[in-house]
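Chain residues, written in single-letter form:
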Amino acid sequence: RDKLETLGAIARALTARVVPVPAAVRGPSASNQAPATPAPAPERRETPDPTVLRVLPHGPLHGKVALVTGSGRGIGRLIATRLAELGASVVVNAFHSRAAGEATAEAIRAAGGDALFAWGSVANESHVRTIFEQIDQAYGRLDFLVCNASDGLIAPFDQVGTADWDRAFRTCVTGTHLCAMAASERMRGRGGAIVTLSTVTAHRYLRGFGSQGVVKAAVESLTRYLACELAGHGIRTNCVSAGPVYGELLEKFPEAEQTIAHWERITPGGELCRPEDVVSVVEMLLDERSARVNGAVWVVDNGVSAQIDGRFVADAPTGASTQGLAQGQGLALAR
């Protein structure tokens, strides 16, 4: 049977196992949509070139050591390079994307930063042990852990098998737990911060994302438990839950152009997030200014999960009141 690749593999090629995921959830049907002149498409800002690194010799994170799992490419890579720019020594981790991970570490070093590449799967306990042994040997400490490594088949539930669930859970949940426990051993006595990565599909349905959504919901729950159990050691644990983000992954979806356009239509303001938006929140949660932020899940989706049907006041016909529009569409707010 053909399947769309997992999140880990989709960023590598998305060509090995491809299953046509049903088209993204459509907007309101023409019969229910309020007549309105379509708003012009928002002008997209230029995304900074992620290959250009500007490492600060004595940045605010100078002397700190950070491990970013799954940081060979995508948002993980941007998180790793951003922490390096701020002066941290960064442990870049990748499993399937080994060459990309090595290239990320080399790019940081070439820009004057400090980076170590640690190959291994967070789903494999012996790999995790080796990763942290490398950290001990190279730095003898760890201050930050960003759990970005992820896996999960993108396909309808009737095409998700037991092996798919096992792989997704072991990477996203077991792997996060293993890394958090190993990191906490090295943070005790000096404190530290852990950030996990989730998705708004943990709480909102998106076709084909059932496996990823379910395991990420578990990651958010795990984050809160870690926050409570590790707080006594001076360790904070928070989560960043991202919505659709412009970039390589989104552009490789089936019917990508139509899907992106649909998501833009149902996003307040008409524009999706960019990778640097997610990176900025991760950076903030690691910063000492967030010293009292613990056990929180920060949603970064430009408001897309805050609405139910993608219709906004600005879509109303000229002269129509919000109440009249709602009643005219059969919402019956007073019912």
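Reading guide: rules and limits
- Residues numbered from 1 in each chain as written.
- Predicted model: local features only at pLDDT ≥ 70, side-chain atom pairs only at ≥ 80, totals over all residues.
- Heavy atoms only, no water.
- Helix = DSSP H or I, 4+ residues; strand = E, 2+ residues; numbered from the N terminus.
- Buried < 20%, exposed > 50% of the residue type's maximum accessible area, 1.4 Å probe, protein only.
- Contact = heavy atoms within 4.5 Å.
- Areas by Shrake-Rupley, 256 points an atom, 1.4 Å probe, with all protein chains shown as cover.
- Pairing = 2+ DSSP bridges.
- Axes fitted to C-alpha atoms, helices over the stretch in contact; angles between N-to-C directions.
- Right-handed = clockwise from strand over helix to strand, strands pointing away.

(A) Structural context of the overall build of the chain. In terms of regular secondary structure, the chain is built from 10 helices and nine strands. When each of the 335 residues of the chain is scored for burial, the buried share is 48%. Counting only contacts in the chain whose residues sit at least 6 apart along the sequence, the fraction spanning at least 24 positions is 74%. Counting every atom, the chain has about 16,300 Å² of accessible surface; 53% of that belongs to carbon and sulfur.

(B) View of the side chain of Thr176. Structurally, Thr176 can be placed in helix H5 (residues 162-187). Setting aside residues up to four positions removed in sequence, Thr176 forms contacts with Cys147, Thr171, Thr196 and Leu222.

(C) Seen up close, the sheet that holds strand E7 (residues 192-199). Ordered in space as E4-E3-E2-E5-E7-E8-E9, the seven strands form an open sheet in which the pairing is parallel. A strand with exactly one partner marks an edge of an open sheet, and here the two such strands are strand E4 (114-119) and strand E9 (297-300). Taking the axes of each pair of neighbouring strands and ignoring which way they run, one obtains an average angle of 20 degrees across the sheet. By the bridge criterion, four bridges tie strand E8 (residues 235-242) to E9 in an arrangement that is parallel. Across the sheet, the residue bridging to Val240 is Trp298, located in E9. With respect to the sheet, helix H3 (residues 98-110) is in contact with strand E3 (89-94) and E4, its orientation differing from that of E4 by roughly 170 degrees. Sitting on the sheet, H5 is in contact with strand E5 (144-147), E7 and E8, with an inclination near 175 degrees to E5.

(D) Expanded view of the pairing of strand E2 (residues 65-68). Where burial is concerned, the two faces of E2 agree: the one with Val65 and Leu67 and the one with Ala66 and Val68 are both buried. Bridging between E2 and E3 involves four bridges; their strand directions are parallel. In the strand pairing of E3, Leu67 is matched with Val91. For the crossover that starts at E2, traverses helix H2 (residues 74-85) and ends in the parallel E3, the hand is right-handed. Bridge analysis of E2 against E5 gives three bridges, and the strand direction is parallel. Across the sheet, the residue bridging to Ala66 is Phe144, located in E5.

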